[in-house]
Amino acid sequence: MNILTIETSQNKASLCVCRDGEIVYSTSWETERNHDAFLFPALEQALSLPDTPTAPDLILVGAGPGSYGGIRVALAAAVGISVVKESRIAAICSWCGLSDSNTAIISDAKRGGWTIRRPDGTIEVLTIEQLKQELDNGLTIATVEAEETLQKHQLAAKQYQLLPTAESITQAWLKLSPEEQETILTQSAEPIYVRPPHITAAKRKPWEV
């Protein structure tokens, strides 16, 4: 099985190739809003590795939570490759495999909310008051945020600055049963939406720019 994995939900993005359970190529890059400027050169390198089959059997994409734009770029690239190479696509939570099975993972969802992925895989947005109540009830958390971000809200975590990577997503996928993998493959590959997008009016009309 030849697997190409793309993870672009965070500012530090990554890509890897796994061949028969072994990572044979891995790269990462720092970006803000220009994932495509770095992703396509990395894809070109990954798809032209020596002794690599001409087509990946599977393309894994980190579906977030995280940067909507970054995830959409990765999915668009995956769809383009799959059309040409006839590869299958699976989108899975970027936070899979980042912490142990008894720990929830959180991130600042802005607008007064906190995204939480519970140990059972459920993802939702809580208010700070709801999150603190969960902690009072014994919930253990880890986070992709810096420690200072949580300190501002009088929160403490077991682990800070967890970083989703293409390799961690690949390893999480390989730990799934064949039945679990097939269930994900039958679902639409799309970003994880924790809530409806926040729409703001443009500062200028398009024809005024």
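Residues numbered from 1 in each chain as written. Predicted model: local features only at pLDDT ≥ 70, side-chain atom pairs only at ≥ 80, totals over all residues. Heavy atoms only, no water.

1. Some details on the overall build of the protein
Filter applied, for reference: What counts as a helix is a DSSP run of H or I of at least four residues, what counts as a strand is a run of E of at least two, and both are numbered from the N terminus. For every residue, the accessible area obtained with a 1.4 Å probe (protein chains only) is divided by the maximum for its type, and the residue is called buried under 20%, exposed over 50%, and partly exposed between those limits. Residue contacts are counted whenever heavy atoms from the two residues lie within 4.5 Å of one another. Residue burial considers only the protein chains on display, and all accessible areas are found by Shrake-Rupley using a 1.4 Å probe.
For the protein, the helix and strand inventory stands at six helices and nine strands. The buried share of the protein, taken over its 209 residues, is 43%. Within the protein, contacts between residues separated by at least 24 positions form 59% of all contacts whose residues are at least 6 apart in sequence. Of the roughly 11,600 Å² of accessible surface on the protein, a fraction of 49% belongs to carbon and sulfur atoms.

2. Regarding a nonpolar patch on the surface
How we decide: A residue counts toward a patch only above 30% relative accessible area and without a salt bridge, and it is joined to like-charged neighbours within 9 Å or, for Val, Leu, Ile, Met, Phe, Trp and Tyr, to nonpolar neighbours within 5 Å. Just to be clear on terms, a salt bridge is a Lys or Arg side-chain nitrogen sitting within 4 Å of an Asp or Glu carboxyl oxygen.
Where nonpolar side chains cluster on the molecular surface, the patch consists of Val 79, Val 83 and Val 84 and spans about 300 Å² of accessible area. By secondary structure assignment, the location of Val 79 is in helix H2 (residues 68–85).

3. Some thoughts on the pattern of salt bridges
Proximity of charged atoms lets side chains of opposite charge pair with each other. One pass over the structure, following the stated rule, counts five salt bridges. Note that Glu 124 is salt-bridged to Arg 118, the shortest N-O span being 2.8 Å. Looking at Arg 118, the relative accessible area reads 17%, which means it is buried. With a closest N to O distance of 2.8 Å, Arg 118 and Glu 134 form a salt bridge. Within this pair, whereas Arg 118 is found in the loop between strand S7 (113–117) and strand S8 (123–127), its partner Glu 134 is found in helix H3 (residues 128–136), the two being separated by 16 residues in sequence.

4. Some points on helix H6 (residues 178–185)
Just so we agree on the cut-off: Note: the arc covers the axis-to-C-beta directions of the helix.
Taken together, the buried positions of H6 are occupied by Gln 181, Ile 184 and Leu 185. Down the axis, H6 shows its buried residues gathered within 100° of arc, on one side only.

5. Focus on the pairing of strand S3 (residues 22–30)
Put simply, the test is: A strand pair is defined by DSSP finding two or more bridges across the two strands.
In this sheet, S3 lies alongside strand S2 (residues 12–19) in antiparallel orientation, the contact comprising eight bridges. Directly across from Ala 13, in S3, lies its bridge partner Trp 29. In this antiparallel pair of consecutive strands, S2 and S3, the connection spans two residues, and Asp 20 shows a positive phi of 55°.

6. As for the sheet that holds strand S6 (residues 104–110)
Put simply, the rule is: Axis lines are fitted through C-alpha atoms, for helices just across the contact stretch, and the angle between N-to-C directions can take any value from 0 to 180 degrees.
One open sheet holds the four strands; their spatial order is S8-S7-S6-S9, and the pairing between them is mixed. Edge positions in the open sheet fall to S8 and strand S9 (141–143), since each of these has one partner strand only. Each adjacent strand pair in this sheet contributes to an overall mean axis angle of 40°, direction not counted. Relative to S8, H3 is tilted by about 105°, and along the sheet it contacts S6, S7, S8 and S9.

7. Considering the nonpolar core
To keep things clear, this is the line we draw: Buried Ala, Val, Leu, Ile, Met, Phe, Trp, Tyr and Cys residues that are joined via side-chain atoms within 4.5 Å together make up what is termed a nonpolar core.
Within the largest apolar cluster, 23 residues are counted, with the highest numbers of intra-cluster contacts made by Leu 4, Ile 6, Leu 15, Leu 39, Leu 43 and Ile 59. With six residues, the single largest contributor to this core is H2. Once residues within four sequence positions are removed from consideration, Leu 15 is found in contact with Leu 4, Thr 5, Ile 6, Tyr 25, Ser 26, Thr 27, Trp 29, Leu 39, Ala 42, Leu 43, Ala 46 and Ala 166. Formed by twelve residues, the second largest nonpolar core is a distinct cluster that contains Ile 106, Ile 128, Leu 139 and Leu 150.

8. Structural notes on unusual backbone geometry
Note that the residue after Gly 64, namely Pro 65, is joined by a cis bond; omega there is 5°. Tracing the backbone shows Pro 65 in the loop between strand S4 (58–62) and H2. The backbone of Gln 154 sits at a positive phi, close to 60°, despite the residue not being glycine. In this structure, Gln 154 sits in the loop between helix H4 (147–151) and helix H5 (166–174). Judged by relative accessible area, which is 61%, Gln 154 ranks as exposed. For Gln 161, which is not glycine, the phi dihedral falls at a positive 50°.

From the geometry alone we can't say anything about function, so treat these as descriptive.
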